[in-house]
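Residue strings, one per chain:
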Amino acid sequence: QVQLVESGGGLVQAGGSLRLSCAASGRTFRSATMGWFRQVPGKEREFVAGIRWTSSSTLYRDSVKGRFTISRDNAKNTLYLQMNSLKSEDTAVYYCAAATGVVVTTVNEYDYDYWGQGTQVTVSS
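This structure is a prediction, so every number in the text was calculated from the model and none was measured. Per chain, the residues get numbers from 1 upward, laid out in the order the sequence is written. The predicted origin of the model limits local features to residues at a pLDDT of at least 70 and limits the giving and counting of side-chain atom pairs to 80 or more, whereas totals for whole chains, interfaces and linings rest on all residues. Heavy atoms throughout the structure, all of them, feed into the side-chain values; hydrogens and water do not.

Novice: Explanation requested: the environment of Lys 76 in the structure shown.
Specialist: By the criteria applied, helices consist of DSSP H or I runs no shorter than four residues and strands consist of E runs no shorter than two, each listed in order from the N terminus. Summarising the element assignment, Lys 76 is placed in the loop between strand E7 (68-73) and strand E8 (78-83). The spacing of Lys 76 and Gln 120 is 44 residues in sequence and 23 Å in space, taken between C-alpha atoms.

Following this line, the structure appears as structure tokens:
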């Protein structure tokens, strides 16, 4: 079983940066594929970035490529999302998620079986 707790969200001006963290508990974290998703009220949750347990493979949605970086520290059981050059359209609740049954990065939210409670990111223009 995996438990996930996000932190690091907040209010930032456009062009600024934030780093989200996701503290994970549970032995299966180290072998899980991890991902970040986001959701705006009234819209579907969307994939932002994913990383394999070896950190050798990452995947990003096109709109965040070159601005966001996903990373993980398996020794600390922590997942990160460094967000630079933030835009107003990045405003959303951000969720970290763990896919314990897959070995590749995946954009499909239904592959992820554990979710955090979410952290709000608001980018003012």
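Novice: I'm lost on the packing of aromatic side chains in this one. Help?
Specialist: The description of two aromatic rings rests on the distance between their centres and on the angle between their planes. Side-chain rings of Phe, Tyr and Trp (the six-membered ring for Trp) are treated as a pair once their centres are within 6.5 Å; stacked means planes under 30 degrees apart, edge-to-face means over 60, and tilted covers the remaining angles. Under the counting rule described, the total for this entry stands at four aromatic pairs. When the ring of Phe 37 is compared with that of Phe 47, the centres are 5.6 Å apart and the planes differ by 80 degrees; the resulting orientation is edge-to-face. Residue Phe 37 is located in strand E4 (residues 33-39), and its partner Phe 47 is located in strand E5 (residues 46-51); the two are separated by 10 residues in the primary sequence. Overall, Phe 37 belongs to the buried group, its relative accessible area being 1%. Pairing Phe 37 with Tyr 112 gives two aromatic rings, centres 5.0 Å apart and planes at 80 degrees, and the pair type is edge-to-face. A residue pair is termed long-range when its members are at least 10 positions apart, and Phe 37 in strand E4 and Tyr 112 in the loop between strand E9 (92-99) and strand E10 (114-115) qualify at 75 residues. Any residue under 20% of the maximum accessible area for its type is buried, any over 50% is exposed, and the rest in between are partly exposed; the area is computed with a 1.4 Å probe on protein chains only.

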